[in-house]
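Summary of structural features
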Amino acid sequence: MLYKLQDIFKERKSDTAIFLGSAESINDITPEQWEKISKHDTFALNNWHYHPFVPDFYHVEVKSENRNLWKRRQIQKAKEYKNVKYICSSEINLSAFIDPKMFNVYVYKMINLGYERIPIPKYRLDKKFDPNSLTFAGGVSMSIVFELIYRMKYKKLILLGVDY
């Protein structure tokens with residue numbers, strides 16, 4: 001099913017958001033720790049589907065060179081990922097799905113601020129934002145997910161596998 005981004009706000013089940021990065025330290029998490037992590041809202045992006053843990057929210061960022069590989073992974077993981085809430089830019093990544101109607105896809109309009117390292121303008125973070133847009137800033141896709149987490153009003157954000 002295709003949804004507007006603003007519909008994702010009601011999907012929050014915890015006061016804590018956990019961002020799952022793909023740096024090496026993510027492999028050090030024990031099964032007991034994954035069990036605790038699963039009790040909170042988890043966010044992943046890019047090629048997270050190579051990890052065994054299934055996130056609650058998955059931001060899709062697929063490049064043209066790995067689009068077909070990503071589609072194959074969707075087929076392989078379809079059963080495990082059936083309840084995942086995918087977050088997808090309408091302009092870029094909707095075509096990455098084998099059939100978007102098979103998945104829970106929340107579509108947003110991307111506001112690209114470019115690759116300059118500049119602060120996100122205050123108007124983007126106050127209540128005047130377009131509820132169906134997210135900001136891409138500084139060439140960092142995490143900025144999109146962090147803005148969404150901010151707007152979903154989580155009380156805590158925990159970063160795992162972000163070793164930079």
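Reference entry: report on the structure contained in this document.

Conventions and cut-offs
- Residues numbered from 1 in each chain as written.
- Predicted model: local features only at pLDDT ≥ 70, side-chain atom pairs only at ≥ 80, totals over all residues.
- Heavy atoms only, no water.
- Buried < 20%, exposed > 50% of the residue type's maximum accessible area, 1.4 Å probe, protein only.
- Helix = DSSP H or I, 4+ residues; strand = E, 2+ residues; numbered from the N terminus.
- Pairing = 2+ DSSP bridges.
- Phe/Tyr/Trp six-rings, centres within 6.5 Å; stacked < 30°, edge-to-face > 60°.
- Salt bridge = Lys/Arg side-chain N within 4 Å of Asp/Glu carboxyl O.

Here we take up the pairing of strand β7 (residues 133-136). Of the two faces of β7, the one carrying Ser-133 and Thr-135 and the one carrying Leu-134 and Phe-136 are both buried. Summarising the sheet, strand β6 (residues 104-112) and β7 pair through 4 bridges and their orientation is parallel. Each residue of the ladder has a partner; that of Asn-112, found in β7, is Phe-136.

To continue, consider the packing of aromatic side chains. Tallying each qualifying case throughout the model produces 11 aromatic pairs. Considering the side-chain rings of Trp-34 and Phe-53, the 4.6 Å spacing of their centres and the 20° angle between planes classify their relative orientation as stacked. One end of the pair, Trp-34, is in helix α1 (residues 31-37); the other, Phe-53, is in the loop between β3 (41-45) and β4 (57-60), with 19 residues separating them in the sequence. Phe-53 matches Trp-34 in its accessibility class, with the two residues each being buried. With a centroid separation of 5.6 Å and an interplanar angle of 25°, the aromatic rings of Tyr-58 and Tyr-86 are classed as stacked.

By the definition in use, this model includes 5 salt bridges. The partner of Asp-15 in a salt bridge is Arg-12, and the shortest N-O contact between them spans 2.6 Å. On the basis of relative accessibility, which here comes to 27%, the residue Arg-12 falls in the partly exposed class. A network of salt bridges, in which partner residues are shared, links Arg-12, Asp-15 and Lys-155.

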